[in-house]
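Descriptive structure summary
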Amino acid sequence: EIKQPSHVYGAAGCLGYYEAKLLDLRGYEELHSGVLHTFRRLGNGVALVRLLEAALGTRSTFALGQLPIEGGQPPLVAAATAVAAAWGQQAADSDMVLMAEQLAGVCAPARSSASLLLPLLARLSAELAALKA
C-alpha cells in the first residue's frame, strides 16, 4: 500500500515520491512488452473501428442522396459498368464493377437506429469463418 505524500512538498515532490515508489513496477520489462503492448493494440483496434464507423456514416449519407429508383442499379455500379464497357470489358469481368457493387452494398443506408458498422462486422466475421474452415 502506498501512503499519500503531504501536499507540503508540492507537485514536483509528489511526482518524485510516486516515481520512487513505483520504480520497481516501471522497470518490470514484461509490463512494457506484454501488458502495455496489448493495451496499445486494443486501443488501436477501437480507434480503427471508430474511424470506420465515421467513414461509413459519411459514405452512407452520401449514398442516401444517390439511391437508385426502386429496383434500379446504384449510380456507382452504373458508372463502373459504363467505364468497363468503354474499355471493352464485360461487366462480369471488371474488377471495378465488382468493387462498385461491394461498396454500394456496404454503403447502403441502414435503419436509423442501427449502427452502420454492425452489418460490416457481421459480413467480415462470416468471411473470416469461411477462411478459417
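Residues numbered from 1 in each chain as written. Predicted model: local features only at pLDDT ≥ 70, side-chain atom pairs only at ≥ 80, totals over all residues. Heavy atoms only, no water.

Comments concerning the packing of aromatic side chains
Evaluated as defined, the whole model comprises 1 aromatic pair. Considering the side-chain rings of Tyr17 and Tyr18, the 5.6 Å spacing of their centres and the 75 degrees angle between planes classify their relative orientation as edge-to-face. By relative accessible area, Tyr17 is classed as partly exposed at 24%. What makes Tyr18 partly exposed here is its relative accessible area of 32%. (Phe/Tyr/Trp six-rings, centres within 6.5 Å; stacked < 30°, edge-to-face > 60°. Buried < 20%, exposed > 50% of the residue type's maximum accessible area, 1.4 Å probe, protein only.)

Looking at a nonpolar patch on the surface
Together, Val35, Leu36, Phe39, Leu42 and Val46 make up a nonpolar patch on the protein surface, roughly 450 Å² of accessible area in all. Here Val46 lies in helix 3 (residues 29–64). On the basis of relative accessible area, Val46 is assigned to the partly exposed category, the value being 45%. (Patch = residues over 30% accessible without salt bridge, like charges linked within 9 Å, V, L, I, M, F, W, Y side chains within 5 Å. Areas by Shrake-Rupley, 256 points an atom, 1.4 Å probe, with all protein chains shown as cover. Salt bridge = Lys/Arg side-chain N within 4 Å of Asp/Glu carboxyl O. Helix = DSSP H or I, 4+ residues; strand = E, 2+ residues; numbered from the N terminus.)

Section: helix 4 (residues 75–86)
Between its first and last C-alpha, helix 4 extends 16 Å over 12 residues, near the 16 Å set by a 1.5 Å rise per residue. Here the buried face of helix 4 lies against helix 5 (95–106). (Expected span 1.5 Å × (residues − 1). Contact = heavy atoms within 4.5 Å.)

As for the nonpolar core
The biggest cluster of nonpolar side chains holds 5 residues, and these are Val77, Ala80, Ala84, Val97 and Ala100. Contributing elements (two or more residues each) for this core: helix 4 and helix 5. Considering every element that reaches this core, the biggest residue donor is helix 4, with 3 residues. (Core = buried A, V, L, I, M, F, W, Y, C linked by side-chain atoms within 4.5 Å.)

Description of the confidence of the model for the protein chain
Interpretation of the predicted coordinates at a detailed level should be avoided for regions scoring low in pLDDT. Per-residue confidence for the protein chain gives a mean pLDDT of 77; residues scoring 70 or more make up 77%. Within the protein chain, the lowest mean pLDDT, 76, falls on helix 6 (residues 117–132), and the highest, 87, falls on helix 1 (residues 10–21). Within the model, pLDDT remains below 50 along residues 110–114, and this stretch shows 1 contact once partners closer than five positions in the same chain are excluded. (pLDDT = per-residue confidence, 0-100.)

A look at the side chain of Ser94
Secondary-structure assignment places Ser94 in the loop between helix 4 and helix 5. Of the residues examined, Ser94 reaches a relative accessible area of 3% and is grouped as buried. Polar side-chain contacts of Ser94 include one of 3.3 Å to the backbone nitrogen of Met96. Discounting chain neighbours no more than four positions away, the residues touching Ser94 are Ala84 and Gln89. (Polar contact = N/O pair within 3.5 Å; in protein donor to acceptor, adjacent residues only side chain to side chain.)

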